[in-house]
Amino acid sequence: MTLIELFRIVLLILLIICAVAVNLNKNLLQGVIIFMAYSLIMCVVWILLESPDLTITEAAVGAGISGTLFLMTLKKIRIEDAGEDPERTTGVIRPGEQDRENREAIGHEAERMEK
């Protein structure tokens, strides 16, 4: 058994471990990170299989774009679970919202001055 064959076997075992770990994991952030690790290991497998086009695609789509989208979605889910307004957290102000807030602040100030 050559060193390359041993390396391929280790990579395949790591792929199986990552696939099982993603499914059994309760923590979503850890699941996304394990998914990204799976994709990076798969990139190495594609390199060993001498397929550079699939390697680049797997790295860009699997670990890059999909991982980023999963992380952004996870962030948005956590913001909504915390009870915060996602637009307020991202800095987006809906039309008329700032005016309403200013009117409320002025109204509270006027009530305080009357007392």
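Quick caveat: nothing in here was measured; it's all calculated off a predicted structure.

## Notes on the packing of aromatic side chains
Under the counting rule described, the total for this entry stands at one aromatic pair. Their ring planes at 80° and their centres at 5.4 Å tell us that Phe35 and Phe70 sit as a pair that is edge-to-face. Of this pair, Phe35 sits in helix H2 (residues 28-48) while Phe70 sits in helix H3 (residues 52-81), and the two are 35 residues apart along the sequence. Accessibility expressed as a relative area gives 27% for Phe35, which makes it partly exposed.

## Things to note about the confidence of the model for the protein
With 72% of its residues at a pLDDT of 70 or more, the protein has an overall mean of 82. Looking at the elements of the protein, mean pLDDT is at its lowest for helix H4 (residues 86-90), recorded as 56, and at its highest for helix H1 (residues 3-24), recorded as 94.

## Comments concerning unusual backbone geometry
Positive phi outside glycine occurs at Glu50, with the angle close to 55°. In this structure Glu50 comes out as exposed when scored by relative accessible area, which is 70%.

## A short note on the packing of H1 against H2
Relative placement of two packed helices is described by the angle separating their axes and the distance separating the axes. It is the contact of H1 with H2, at a shortest axis distance of 9 Å, that shows an interaxial angle of 155°. When the axes of H1 and H2 are compared, the pair comes out roughly antiparallel. Crossing of H1 against H2: the hand is left-handed. Contacts between H1 and H2 involve Phe7, Arg8, Leu11, Leu14, Leu15, Cys18, Ala19, Ala21 and Val22 from the former and Gly31, Ile34, Phe35, Tyr38, Ile41, Met42, Val44, Val45 and Leu48 from the latter. Across the contact of H1 with H2, the residue classes tally to 16 nonpolar, one polar and one charged.

What counts and what doesn't
- Residues numbered from 1 in each chain as written.
- Predicted model: local features only at pLDDT ≥ 70, side-chain atom pairs only at ≥ 80, totals over all residues.
- Heavy atoms only, no water.
- Phe/Tyr/Trp six-rings, centres within 6.5 Å; stacked < 30°, edge-to-face > 60°.
- Helix = DSSP H or I, 4+ residues; strand = E, 2+ residues; numbered from the N terminus.
- Buried < 20%, exposed > 50% of the residue type's maximum accessible area, 1.4 Å probe, protein only.
- pLDDT = per-residue confidence, 0-100.
- Axes fitted to C-alpha atoms, helices over the stretch in contact; angles between N-to-C directions.
- Parallel < 35°, antiparallel > 145°, perpendicular 65-115°, else oblique.
- Left-handed = near helix turned anticlockwise from the far one by under 90°.
- Contact = heavy atoms within 4.5 Å.
- Nonpolar A, V, L, I, M, F, W, Y, C, P; charged D, E, K, R; others polar.

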